[in-house]
Amino acid sequence: MSAVIWPEQPLLRATRLRLHAQDQAIALMRADCHVCRSEGLSPRSQVLVVAGKHEVQALLYQIDSPLLEQGQVALSEAAWDALHISDGDEVQVRHPPVLESLAGIRRRIHGYRLNAQDLSAIVRDVVDGRYTDVHLSAFLTATATLPLDALETVHLTRAMVDVGESLHWNAPVVVDKHCVGGLPGNRTTPIVVAIAAANGLVMPKTSSRAITSPAGTADTMEMLAPVDLDMATLRKVVETEGGCVAWGGSMHLSPADDIFVRIERELDIDTEGQLIASVLSKKIAAGATHVVIDIPIGPTAKVRSRENAVRLSAKLRATAADFGLALRCMFSDGNQPVGRGIGPALEARDVLAVLQNEPGAPEDLRERAVLVASAVLELGGAAAEGEGMRVARETLDSGRAWDKFKRICEAQGGLREPKRAEFVEPLVATHGGQVVHIDNRKLSRLAKLAGAPASPAAGVHMEVRLGDEVARGQPLLYVHAQTPGEMAYALDYARQAGDIIRVEA
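The numbers attached to residues start from 1 for each chain and follow its sequence in the written order. For this predicted model, a pLDDT threshold of at least 70 governs which residues receive local features, and a threshold of 80 or more governs which side-chain atom pairs are given and counted, while totals over whole chains, interfaces and linings are taken from all residues. The side-chain quantities take in all heavy atoms of the structure and omit both hydrogens and water.

Spatially, three strands are ordered β16-β14-β18 in an open sheet, and the strand pairing comes out antiparallel. Among the strands making up the open sheet, the edge pair consists of β16 (469-470) and β18 (501-504). In this sheet, β18 lies alongside strand β14 (residues 433-438) in antiparallel orientation, the contact comprising four bridges. Bridge pairing in β18 links Gln434 to Glu504. Strand pairing requires that DSSP identify at least two bridges connecting the strands. We count a stretch as a helix when DSSP gives it H or I for four or more residues in a row; a strand needs E for two or more, and each element gets its number in order from the N terminus.

Written out as structure tokens, the structure reads:
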């Protein structure tokens, strides 16, 4: 339903605050503003900002200074983009409508299950920007304390698909893959897409940007080719080359997912039901019919034990079956990073090294990509059962995967050379011995402190793996940064964090 300007309400002139608050819409008004007084608007209340046919729900802050003139409202970037306005345009600010879907959350807090209508209403309000972070936290906490059951998981998955766009392909088999995550540098997707497409499969891969990690697949691929594709361009790339690696956010596929994930990361909540709905809603919305899920298992990966992995895979398959989705889960080593680079450009260089069959290419990334690709090829019918590894490896060795990847990049807008960092410094071993533990979470933190992913060339380049023997003073990793300040901050963290890479004599 389109927003409507109420003629009896006073108008305010909008000004761009140029405040970047991630996805948070913020409105800044004078405490003595006539609208605040007439509407009874108080600080940190939710307000509805309306401009023509567009509206956004925003968090209100008030100031007592001449920063704003009477009759002005300043808006954050998220609010500004949602309203599609220009500086000085007139808007209305008023109380938002009552959120009836909150009744479902209150029932869930008291232990009652949610039905399809409840979850559909909640997800719709979330995507429409009507939920504050407090509301989102309440919903996610309520569904973590009493985990989603099988039926609720199906209902949530369907609601997340229905609220966004969906892609449909003129092909009987459309393949996709996903890694449950927790491993820095695990950037197999561009390689797997190239192998699959080179063998005649259709693989329109839509991927995410980083939310709290050093790089998302879309961030890494953007170092090699444009990823912000509109629907028409994406279709043309896939119809021409059989595959793509694009940013899913530009296509509005399962848009609630990124919102939920942002809050989950801040709360450090990661429940199975939410994870399943998150993963499968994206695949279903992208038009996939056959999906491979890689589940790394390790002490600092997202899934810590084989028992948990077995349980998660069973629930993924059961939910997928409700949507007619053919799904195969595979378990992999989650004890250490995959590849050498952690950060968009460094990971992109690893991808190129594998695709180009360079002598020094990271063997673990190559083997992980071959393993995942083999499952995709077999599930998609491009290789007989048991033949996937051979076909995937031959596709890489022969250069067919590299040729296909180059064509995909050209179709998406042109192959690029990954950026290089201005500053590179080593973190060295304080004593000799064997590498016995690598902390994936601390490595990700280190790469982010160095500037990734905002500075695409920043991150961490690994020099050792588990089991390696090292000498005192030998580099364990190199930190890459774009500014001296970020380099100093990252190195200070690395020295104080302890046991990012544990070496025992």
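The rest of the description comes next.
A few words now on the environment of Thr145. Within the secondary structure layout, Thr145 lies in helix α5 (residues 133-145). Overall, Thr145 belongs to the exposed group, its relative accessible area being 67%. Partly exposed describes any residue whose relative accessible area lies between the buried limit of under 20% and the exposed limit of over 50%, with all areas from a 1.4 Å probe on protein chains only and scaled to the type maximum.

Both the distance between ring centres and the angle between the ring planes are used here to describe each pair of aromatic rings. The pairing test for Phe, Tyr and Trp rings, Trp by its six-membered ring, is centres within 6.5 Å, and the orientation test on the planes gives stacked under 30 degrees, edge-to-face over 60, and tilted for anything in between. Applying the stated rule across the entire model yields two aromatic pairs. On the basis of an interplanar angle of 40 degrees and a centroid distance of 5.6 Å, the ring pair of Phe139 and Phe260 is categorised as tilted. You can see Phe139 sitting in helix α5 and its partner Phe260 sitting in helix α10 (residues 256-267), a full 121 residues away along the chain. What makes Phe260 buried here is its relative accessible area of 1%. Judged by centre distance (6.3 Å) and plane angle (25 degrees), the rings of Trp402 and Phe405 are stacked.

In this section: helix α12 (residues 306-322). To estimate the expected span of a helix, subtract one from its residue number and multiply by 1.5 Å. For α12, with 17 residues, the first-to-last C-alpha span of 25 Å sits near the 24 Å given by 1.5 Å per residue. Only heavy atoms matter for contacts: two residues are in contact if any of them lie within 4.5 Å across the pair. For α12, the elements touching its buried residues are α6 (150-162), α11 (272-285), β10 (290-297) and β11 (326-333).

Right, let's get into the domain arrangement of the protein chain. Segment limits for the domains were obtained from an automatic or database-derived domain assignment. Annotation of the protein chain at the domain level lists domain 1 (12-94), domain 2 (102-162), domain 3 (175-254 + 266-412) and domain 4 (423-504). A C-alpha centroid distance of 26 Å is found between domain 3 and domain 4. With 25 residues of domain 3 at the contact, the number on the domain 4 side is 20 residues. Taken together, the two surfaces of domain 3 and domain 4 that pack against each other cover about 1800 Å², and 57% of this comes from carbon and sulfur. Buried area is understood as the total, over both parts, of accessible area removed when two parts are fitted together, assessed with a 1.4 Å probe. Ranking the residues of domain 3 by area buried against domain 4 places Thr300, Gln336 and Leu346 at the top, with a combined share of 29%. Every case where a carboxyl oxygen of Asp or Glu lies within 4 Å of a side-chain nitrogen of Lys or Arg is listed as a salt bridge. Remark: the boundary between domain 3 and domain 4 carries one salt bridge. Measuring nitrogen to oxygen at the nearest pair gives 2.7 Å for the salt bridge that ties Arg465 to Asp364. Per-element tally for the side of domain 3 that touches domain 4: the top contributor is helix α13 (residues 344-355), with three residues.

Turning our attention to the side chain of Ser444. One can find Ser444 in helix α17 (residues 440-449). Residue Ser444 is classed as buried on the basis of its relative accessible area, which comes to 16%.

What follows is about the UniProt feature "domain: Pyrimidine nucleoside phosphorylase C-terminal" (unreviewed entry) in the protein chain. UniProt positions are given in the numbering used here, feature names are shortened, and annotations may be inferred rather than shown by experiment. UniProt records the feature "domain: Pyrimidine nucleoside phosphorylase C-terminal" (unreviewed entry) for residues 434-501 in the present numbering. Here residues 434-501 runs as 35% helix and 28% strand, with 10 Å between its end C-alpha atoms.

Attention now moves to the nonpolar core. Only buried residues count toward a nonpolar core. Its members are Ala, Val, Leu, Ile, Met, Phe, Trp, Tyr and Cys residues joined through side-chain atoms within 4.5 Å. One finds Ile191, Ile195, Leu355, Leu396 and Phe405 to be the most contacted residues of the largest nonpolar core, which totals 47 residues. The biggest single contributor to this core is helix α14 (residues 363-380), with nine residues. The residues touching Ile191, leaving out its near neighbours within four places in the chain, are Val351, Val354, Leu355, Leu365, Ala369 and Leu396. By size, the runner-up hydrophobic cluster in this structure holds 26 residues, among which are Leu446, Val464, Leu477 and Ala481.

Moving on, we get to the pairing of strand β6 (residues 90-94). With respect to burial, β6 is a largely interior element, four of its five residues being buried. Two strands pair when backbone bridges link them, and strand β1 (residues 12-16) and β6 are joined in this way by two bridges, in the antiparallel orientation. Counterpart to Arg13 in the pairing with β6 is Glu90.

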